[in-house]
Amino acid sequence: MKLWQGRTDGETAAEADAFNSSIPFDSRMYRADIEGSIAHARMLGERGIISRGEAEILIGGLRGILSDIDSGALMIDMTAEDIHTFVEETLTERVGEVGKKLHTARSRNDQVALDIRLFLREETEKIKSAIRGLISALTDQAEAHAGTIMPGYTHLQRAQPVTFGHHLMAYAMMLLRDLGRLSDCARRMNVSPIGSCALAGTTYDTDRALEAELLGFSSVCENSLDGVSDRDFSVELLSDLSIIMMHLSRLAEETVLWTSLEFSFVELDDAYTTGSSIMPQKKNSDMAELVRGKTGRVYGSLVSLLTALKGLPLAYNKDMQEDKECVFDAVDTVKSSLSIFTGMIKTMRVKPENMRAAASGGFINATDLADYLVGRGLPFRDAYKVSGRVVARCIADGETLETLPLDVYREYCPLVGEDVYGAVDLDACVGRRRSYGGTAPESVLHQVAYVREALGE
Ligand code: ARG
């Protein structure tokens, strides 16, 4: 006999039971479910809806179930319909008839809405701390490489020299915004739906504010129909997780490029690479590739949930049971991706010589030559043209801006002096870009300090 069998007598088909069951995935929420029930029992007792003695029995039973699941003494029955049913039935088995009073002034609709919020609230905190870990790893490497010169790219063509520290700090800034987004999401998530009951509220004299307070919520949702129907917080979390993965995926792509023989800017530690079963020379960046690949599945989760919710009439519909797997999978994926990236960044070996060699080709200092000519009195547009022609000459002569003889420079602009060589020197090019947020080592160190301060370190 099912817990919900009111008007029906017939048995459900085994196939329907299996199809209907959510316990394979919602059993993860057992702690949230039991803590929610403890708060509910306490509130029922406080309001005299059940006696205080009955509330104590329920609470004692629920605590016992929680510690037995934690210790492994109680196995969750995977044939149960869902975690809510399993906990309530186990409670009644353990404490007897009074167990049947727990579900007074409650429905599984507000119960599940509560559980997901409690569960995701905790997961959001874990993700935030994983992001902090990755930001710290990036920031430490950036500090160590605040003066390491590499080519900066636009269109993946060498553009201007930057420092590796500057490049890494760009990712730290993205992740800092991700942290902020998760905090915003957590704020909207931290609103209690319990007490909305099935959809319409209840005739019992409940105290929703007390339940919310016991569970650490900052407020209660204002409309019971919305309380049981709202999954915005999951959609919002998935959006934030998608943005995190988009950021990680860009860093993953760069890691794959940097570790290729063509770039050779970085070597990953053996702990974060794999080989090939046939090509003995290989050292592959599988972890980065996997993060890049897993990004698609997090986006997929976002689209799944948006699609599952669209067009649902108020209030609860069973479609909403489909909210959990996608968000749980995304949470797991993001946590493991952040963790693997942190280890990878901490242990990677940077190759400054190769970065500098790459920065020394490709006339990456052509803008600096133009800026030098501006300093000599040429309008920027004219300086730009002269610099372009000088680059073309260098290419024809097999020279660089650092090696082109002064008399050749003067063929293109008589204003050029001996000091041009100082102007096109890579270290000088980078060191002069001290503008706020720029690539000069001192600007990078300022960014490092800014991020550490934002992290409260
Ligand atoms: N397992 C269900 C879910 O995840 C719990 C809510 C069931 N409510 C109902 N009216 N059938 O959504």
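The structure displayed is predicted, hence computed values, not measured ones.

S.K.: Would you mind showing me how to read the overall build of the protein chain here?
M.R.: For the protein chain, the count of helices and strands is 19 helices and six strands. Its C-alpha atoms give the protein chain a radius of gyration of 31 Å, clearly above 23 Å, the size a compact globule of 457 residues would have. Taking the principal axes of its C-alpha atoms as reference, the protein chain extends roughly 100 × 50 × 40 Å. The proportion of buried residues among the 457 residues of the protein chain is 50%. Here the analysis covers contacts within the protein chain between residues at least 6 apart in sequence; of these, 75% occur between residues at least 24 apart. When the accessible surface of the protein chain is totalled, it reaches about 21,100 Å², and 53% of it is carbon and sulfur.

S.K.: What's the story with the pattern of salt bridges in this structure? I'm lost.
M.R.: Opposite charge on two side chains lets them pair, provided their charged atoms get close. Under the definition given, this model contains 33 salt bridges. Between Arg376 and Asp419 there is a salt bridge, with the nearest N and O atoms lying 3.0 Å from each other. In this pair, Arg376 is assigned in the loop between helix 14 (366-375) and helix 15 (380-397) and Asp419 in the loop between helix 16 (406-412) and helix 17 (420-424), connecting sequence segments 43 residues apart. Take Arg376: its relative accessible area is 37%, and that puts it in the partly exposed class.

S.K.: For this particular structure, what's the right way to read the packing of aromatic side chains?
M.R.: Two numbers describe a pair of aromatic rings. These are the distance of the centres and the angle of the planes. Enumeration according to the criterion identifies six aromatic pairs in this entry. Measuring from centroid to centroid gives 6.0 Å for Tyr153 and Phe263, while their planes differ by 55°, and the two rings are tilted. Of this pair, Tyr153 sits in strand 1 (residues 149-154) while Phe263 sits in the loop between helix 10 (232-258) and strand 5 (266-267), and the two are 110 residues apart along the sequence. The class for Tyr153 is partly exposed, based on a relative accessible area of 24%. When the centroid spacing of 5.2 Å and the interplanar angle of 85° are considered together, the rings of Phe263 and Phe265 count as edge-to-face. Residue classification places Phe265 among the buried residues on the basis of a relative accessible area of 1%. Taken together through their ring pairs, the aromatic side chains of Tyr153, Phe263 and Phe265 make up a single cluster. In this structure, Arg28 packs its charged tip against the face of Phe328, placed 5.1 Å from the ring centre.

S.K.: I would appreciate a short explanation of the packing of helix 6 (residues 108-144) against helix 10 in the present structure.
M.R.: How two helices pack is summed up by the angle between their axes together with the distance between the axes. Axis separation between helix 6 and helix 10 bottoms out at 11 Å; the angle between their running directions is 20°. Relative to helix 10, helix 6 is oriented roughly parallel. As helix 6 packs across helix 10, the resulting crossing turns out to be left-handed. Between helix 6 and helix 10, the residues in contact are Ala113, Ile116, Arg117, Leu120, Thr124, Ile127, Ile131, Leu134 and Leu138 and Phe233, Ser234, Leu237, Leu241, Ile244, Leu248 and Leu251, respectively. In the contact of helix 6 with helix 10, the residues fall into 13 nonpolar, two polar and one charged.

S.K.: Would you mind showing me how to read the side chain of Asp82 here?
M.R.: Looking at where Asp82 falls in the secondary structure, it is placed in the loop between helix 4 (52-71) and helix 5 (83-95). What makes Asp82 buried here is its relative accessible area of 5%. Polar side-chain contacts of Asp82 include one of 3.3 Å to the backbone nitrogen of His84. A polar contact is formed between the side chain of Asp82 and the side chain of Arg108, at a distance of 2.7 Å. If near-sequence neighbours (up to four positions away) are discounted, Asp82 is found in contact with Ser22, Ile23, Asp26 and Arg108.

S.K.: Would you explain the site of the ligand in this entry?
M.R.: Inspection of the region around the ligand gives Ser22, Asp26, Asp82, His84, Arg108, Asn109, Val112, Tyr316, Gln321 and Lys324 as its neighbouring residues. Here a nitrogen atom of the ligand and a side-chain polar atom of Asn109 are 3.0 Å apart. One of the side-chain nitrogen or oxygen atoms of Gln321 is found 2.8 Å away from a nitrogen atom of the ligand. For the ligand, whose accessible area on its own is 340 Å², the fraction buried by protein is 86%. Residue classes in the shell around the ligand are distributed as two nonpolar, four polar and four charged.

S.K.: How should I be thinking about the packing of helix 10 against helix 12 (residues 323-347) in this particular structure?
M.R.: In contact at an axis separation of 10 Å, helix 10 and helix 12 are set at 30° when each is read in the N-to-C sense. In terms of orientation, helix 10 lies roughly parallel with respect to helix 12. The chirality of how helix 10 crosses helix 12 is left-handed. Here Ser234, Leu237, Leu238, Leu241, Ile244, Met245, Leu248, Leu251, Ala252 and Thr255 of helix 10 come into contact with helix 12, specifically with Cys326, Val327, Ala330, Val331, Thr333, Val334, Ser337, Leu338, Phe341, Met344 and Ile345. Considering only residue class, the contact of helix 10 with helix 12 consists of 17 nonpolar, four polar and no charged.

S.K.: Just to check I follow, could you spell out the pairing of strand 2 (residues 157-163) for this structure?
M.R.: Residues in a regular strand project their side chains so that they alternate between the two faces of the sheet. Examined bridge by bridge, strand 1 and strand 2 share six bridges and lie antiparallel to one another. Bridge assignment links Ile149 to a residue of strand 2, and that residue is Thr163.

About the criteria used
Residues numbered from 1 in each chain as written. Predicted model: local features only at pLDDT ≥ 70, side-chain atom pairs only at ≥ 80, totals over all residues. Heavy atoms only, no water. Helix = DSSP H or I, 4+ residues; strand = E, 2+ residues; numbered from the N terminus. Rg over C-alpha atoms; globule rule 2.2 N^0.38 Å. Buried < 20%, exposed > 50% of the residue type's maximum accessible area, 1.4 Å probe, protein only. Contact = heavy atoms within 4.5 Å. Areas by Shrake-Rupley, 256 points an atom, 1.4 Å probe, with all protein chains shown as cover. Salt bridge = Lys/Arg side-chain N within 4 Å of Asp/Glu carboxyl O. Phe/Tyr/Trp six-rings, centres within 6.5 Å; stacked < 30°, edge-to-face > 60°. Lys NZ or Arg CZ within 6 Å of the ring centre and 35° of its normal. Axes fitted to C-alpha atoms, helices over the stretch in contact; angles between N-to-C directions. Parallel < 35°, antiparallel > 145°, perpendicular 65-115°, else oblique. Left-handed = near helix turned anticlockwise from the far one by under 90°. Nonpolar A, V, L, I, M, F, W, Y, C, P; charged D, E, K, R; others polar. Polar contact = N/O pair within 3.5 Å; in protein donor to acceptor, adjacent residues only side chain to side chain. Near = heavy atom within 4 Å. Pairing = 2+ DSSP bridges.

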